[in-house]
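A look at the structure
Listed below are the residues making up each chain.
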Amino acid sequence: MARRGWLRAPLRRGVDGGGPRARRLTRPLWLLLAVGVFGWTGASDGAGGEARAMDEEIVSEKQAEESHRQDSANLLIFILLLTLTILTIWLFKHRRARFLHETGLAMIYGLLVGLVLRYGIHVPSDVNNVTLSCEVQSSPTTLLVNVSGKFYEYTLKGEISSHELNNVQDNEMLRKVTFDPEVFFNILLPPIIFYAGYSLKRRHFFRNLGSILAYAFLGTAISCFVIGSIMYGCVTLMKVTGQLAGDFYFTDCLLFGAIVSATDPVTVLAIFHELQVDVELYALLFGESVLNDAVAIVLSSSIVAYQPAGDNSHTFDVTAMFKSIGIFLGIFSGSFAMGAATGVVTSYVTKFTKLREFQLLETGLFFLMSWSTFLLAEAWGFTGVVAVLFCGITQAHYTYNNLSTESQHRTKQLFELLNFLAENFIFSYMGLTLFTFQNHVFNPTFVVGAFIAIFLGRAANIYPLSLLLNLGRRSKIGSNFQHMMMFAGLRGAMAFALAIRDTATYARQMMFSTTLLIVFFTVWVFGGGTTAMLSCLHIRVGVDSDQEHLGIPESERRTTKAESAWLFRMWYNFDHNYLKPLLTHSGPPLTTTLPACCGPIARCLTSPQAYENQEQLKDDDSDLILNDGDISLTYGDSTVNTESASSVLKMPLIGNLPLGTMNWSFGEHAWFYLWMILNPP
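Residues take numbers from 1 onward in each chain, read along the sequence in its written order. Under the rules for a predicted model, residues below a pLDDT of 70 receive no local features and side-chain atom pairs below 80 are neither given nor counted, while totals for whole chains, interfaces and linings still include all residues. Processing note: side-chain calculations cover all non-hydrogen atoms of the structure and skip hydrogens and water entirely.

Under an unreviewed UniProt entry, the protein has the name Sodium/hydrogen exchanger and belongs to Capra hircus. UniProt positions are given in the numbering used here, feature names are shortened, and annotations may be inferred rather than shown by experiment. Note on the protein: under the UniProt heading Sequence similarities (unreviewed entry), the record states "Belongs to the monovalent cation:proton antiporter 1 (CPA1) transporter (TC 2.A.36) family."

What about the overall build of the protein?
We count a stretch as a helix when DSSP gives it H or I for four or more residues in a row; a strand needs E for two or more, and each element gets its number in order from the N terminus. Across its full length, the protein carries 25 helices and four strands. Exposed residues in this analysis have more than 50% of their type's maximum accessible area, buried residues have under 20%, and partly exposed residues fall in between, with area computed by a 1.4 Å probe over protein chains only. For the protein, the residues scored as buried account for 45% of the 681 residues in total. Surface accessibility in these figures is a Shrake-Rupley result with a 1.4 Å probe; residues are shielded only by whichever protein chains are displayed. Of the accessible surface of the protein, which amounts to about 35,500 Å², a share of 64% is contributed by carbon and sulfur atoms.

Notes on the pairing of strand S2 (residues 150–155)
Little of S2 is tucked away, with zero of its six residues classed as buried. When DSSP locates at least two bridges between a pair of strands, those strands are taken to pair. Pairing of strand S1 (residues 142–147) with S2, which is carried by six bridges, proceeds in the antiparallel orientation. For Val145, the partnering residue across the bridge sits in S2 and is Tyr152. Hairpin connection between S1 and S2: a loop of two residues separates the two successive antiparallel strands, and Ser148 in this loop has a positive phi of roughly 55 degrees.

Quick look at the environment of Thr591
Its place among the elements puts Thr591 in helix H22 (residues 590–593). Along the chain, Thr591 and Leu605 lie 14 residues apart, while their C-alpha atoms are 9.1 Å from each other.

Side note on the packing of aromatic side chains
Stacked, tilted and edge-to-face are the three classes applied to pairs of Phe, Tyr and Trp rings, where Trp contributes its six-membered ring and a pair requires centres within 6.5 Å; stacked means planes under 30 degrees apart, edge-to-face means over 60, and tilted covers the rest. All told, the structure shown has 28 aromatic pairs when counted by the stated rule. Summarising the aromatic geometry, the rings of Phe437 and Phe512 are spaced 4.9 Å apart at their centres and angled 65 degrees between planes, so their arrangement reads as edge-to-face. Residue Phe437 is found in the loop between helix H14 (405–436) and helix H15 (444–470), and its partner Phe512 is found in helix H18 (residues 506–528); the two are separated by 75 residues along the sequence. A single burial state applies to Phe437 and to Phe512, both of which are buried. Ring geometry for Phe496 and Phe512: centres 5.8 Å apart, planes at 45 degrees, overall tilted. Remark: Phe512 occurs in helix H18 and Phe496 occurs in helix H17 (residues 493–500); sequence separation between them is 16 residues.

Focus: the nonpolar core
Counting residues in hydrophobic clusters, the biggest one holds 126 residues, and the most contacted among them are Met231, Phe248, Phe256, Phe272, Phe446, Met484 and Phe496. Looking at which element gives the most residues to this core, the answer is helix H10 (residues 279–304), with 13 residues. For Phe256, the contacting residues outside a window of four places in its chain are Ile227, Met231, Phe446, Ala450, Met511, Thr514, Thr515 and Ile518. We define a nonpolar core as any set of buried Ala, Val, Leu, Ile, Met, Phe, Trp, Tyr and Cys residues linked to one another through side-chain atoms lying within 4.5 Å. Should any heavy atoms of two residues lie within 4.5 Å, those residues are counted as being in contact.

Section: the side chain of Ser370
Within the secondary structure, Ser370 sits in helix H12 (residues 359–379). For Ser370, a relative accessible area of 1% gives the class buried. We call two N or O atoms a polar contact when they sit within 3.5 Å, provided that within protein one can donate a hydrogen and the other can accept it, with sequence-adjacent residues counted only if both atoms are side-chain atoms. Here the side chain of Ser370 touches Gln395 through a polar contact of 3.2 Å, side chain to side chain. For Ser370, the residues in contact, after removing those within four places along its chain, are Phe194, Val388, Cys391, Gln395 and Phe415.

Section: helix H16 (residues 479–487)
Buried within H16 are the following residues: Phe481, Gln482, Met484, Met485, Met486 and Phe487. Where H16 is buried, its residues meet helix H7 (209–240), helix H9 (266–275), H10, H15, H18 and helix H19 (530–536).

Some points on the pattern of salt bridges
Side chains carrying opposite charge are able to pair once their charged atoms draw close together. Counted as salt bridges are all cases of a side-chain nitrogen of Lys or Arg within 4 Å of a carboxyl oxygen of Asp or Glu. Taken as a whole and assessed by the stated rule, the structure comprises six salt bridges. Across the pair Arg410 and Glu406 runs a salt bridge whose closest N-O atoms are separated by 2.9 Å. Pair noted here: Arg410 and Glu406 are both in helix H14, with a separation of four residues, about one helical turn. When the shortest N-O distance is used, the salt bridge between Arg508 and Asp502 registers 2.6 Å. Relative accessible area serves as the criterion here: at 33%, Asp502 is assigned to the partly exposed category.

Topic: the packing of H7 against helix H8 (residues 250–260)
Axis lines are fitted through C-alpha atoms, for helices just across the contact stretch, and the angle between N-to-C directions can take any value from 0 to 180 degrees. Relative orientation of the contacting elements H7 and H8 amounts to 135 degrees, with a least axis distance of 7 Å. Here H7 lies oblique to H8, going by the angle between them. You can see that H7 and H8 cross each other, and the crossing is right-handed. Contacts between H7 and H8 involve Cys224, Phe225, Ile227, Gly228, Ser229, Met231, Tyr232 and Val235 from the former and Phe250, Cys253, Leu254, Phe256, Gly257, Ala258 and Val260 from the latter. Angular relationships are summarised with four words: roughly parallel below 35 degrees, roughly antiparallel beyond 145, roughly perpendicular across 65 to 115, and oblique for the angles in between. We call a crossing left-handed when the near helix sits turned anticlockwise from the far one by less than a right angle, and right-handed when that turn is clockwise.

Some remarks on the packing of H10 against helix H11 (residues 318–352)
The contact between H10 and H11 brings their axes to 9 Å, and the two run at 140 degrees. Regarding the angle of H10 to H11, the classification is oblique. In the packing of H10 onto H11, the handedness of the crossing is right-handed. Each of Ala294, Val295, Val298, Leu299, Ser301 and Ser302 in H10 lies in contact with H11, whose residues at this interface are Ser324, Ile327, Phe328, Ile331 and Phe332. Under the scheme applied here, ten amino acids are nonpolar (Ala, Val, Leu, Ile, Met, Phe, Trp, Tyr, Cys and Pro), four are charged (Asp, Glu, Lys and Arg), and all others, including Gly, are polar. Broken down by class, the residue content of the contact of H10 with H11 amounts to eight nonpolar, three polar and no charged.

Remarks on helix H5 (residues 181–198)
Taking 1.5 Å per residue, 18 residues should reach 26 Å; H5 reaches 25 Å between its end C-alpha atoms and fits that length. Here the bend at a residue means the angle between the axes of two seven-residue stretches, the one that ends at it and the one that starts at it. At Leu189, H5 shows its largest kink, close to 50 degrees, and the proline Pro190 lies no more than four residues downstream. When you tally the buried positions in H5, you get 14 out of 18 residues, the bulk of the element. An expected span of 1.5 Å times one less than the residue number is assigned to each helix.

This is the structure in structure tokens:
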């Protein structure tokens, strides 16, 4: 016991017997020990947090690298598709095979690749991917998730079926090869539509402009309502038989009618061009398809904008109908004005600057101004397709004359190349989409009804309008031409782009799937049968559009001119005397066509080249459109008409203008030289 007491005594002395001074010394030691312990603990936690952050960064870098590789592989797939298509096209042209066009080939290759991607490739699941489900009443486009105090942003990619929850990785791969619909509208469609307007043979286009406008505007509207009405009856039948799994209204049927009314006979026109088919038929079909796409997209926008007053937005309302008609007219006219204005601005820039001395800059400016027309119209709420189409026509009619020879060749070849690549890319993507799109809705009743509807809608467009147009035409549209136009009503890139732009609802998904089948069938069957149909209908081939009029008697040529241009004689007179000199270096100087009071403005707006060019060429596009005396040239107070060589030649007094300041644009008529011979100085 004594030992135990001794042992405890020093302890008591050390603690209790130290006094206040000992307690003051031991307190900092305890504090230092506590700080050290907590500091070590915090350091270990910080090191663990940094390690976790580093691990997350490494994982994210690996995911980004893997995503980059997959995106590169997806783009490589399309590049290889285009390469294979080009090589096969060469083989077909070498063998002179016309039973299948390049667009049909691109679709077949796309189908094969899509089949392999859908059923032949399986992506192993990633253990780092965890699928959590939570029930919400709506589908937000952006979702913020709080994970241990850190917020992560997730974006909506699309709807997946409940039985595909275990195939998230495969769905992600298929989603990777599915492009945003805006890619088609903003990148792929502009060069296709612009090239259609830029390469337009305006001479034959304006000869048949009345008929083309009737087919494009009135015919497309007739086709839209016929298809919409038939499909509404088909949808009603599906409701009765219980085949409809979602809402499908009459406005949806009209929208489907507008989508599939957009014809794209690129296959037929390519064969027409290769075989040199009768230029009248080519002009009618090409002109209708060019304007038809523009009308279809504006018509679809007007149908989407149909919003009657009241709770039910799908009932008929007269006010809403007239509002939609006003929207159609406003969008079309505004888009037309914007496209023409961009072309005018480009022509002014190329006219009053010396960009032609730097061909690369000139071509670059032309390209950017032309492409920006589409984006400008879309940004302002108009339709870029209409704007870029009329921009192309304006650029070809005015700006093209201001470009240097090298830039003229460059721009033609550049947009021809872009048009070729974009079209084949779209058609190969169509084949791919049949297997990679994850929300297809195929209904046999709807598909069969759609095929019947498009044939009846096309017939209601072509035959009645041709009958009415022939009442006022001396050069009748023959029955063989009408049958060929009926046969050539293929659906293509525009119908596909309009259908894929919105696939959010059940009705839109069914419309997209059916449109895809319609495009496949018309391109393969009708496009492949074009040559046989031309032979069956006894339509002329081997016709040179530039030499066609040489063998026509003069009296018949004059009759054709008088018939085909009666709406445009005043326009061409105004264009030749004022617009061409105002926007280009060709035509008579404005100092000779404008009144004397406008002299300062005329001298400012007339380029020096207009005075320097001694021999102005007659506008090729006015050939076979205007009679020889239809273009009247005004010089000061005198007016000169371009009479034929057999007419009585009268030379008005030109005043004191030196010959070097005048531009003559009379082509083959040498009346000025005859006047000089008959009236020597």
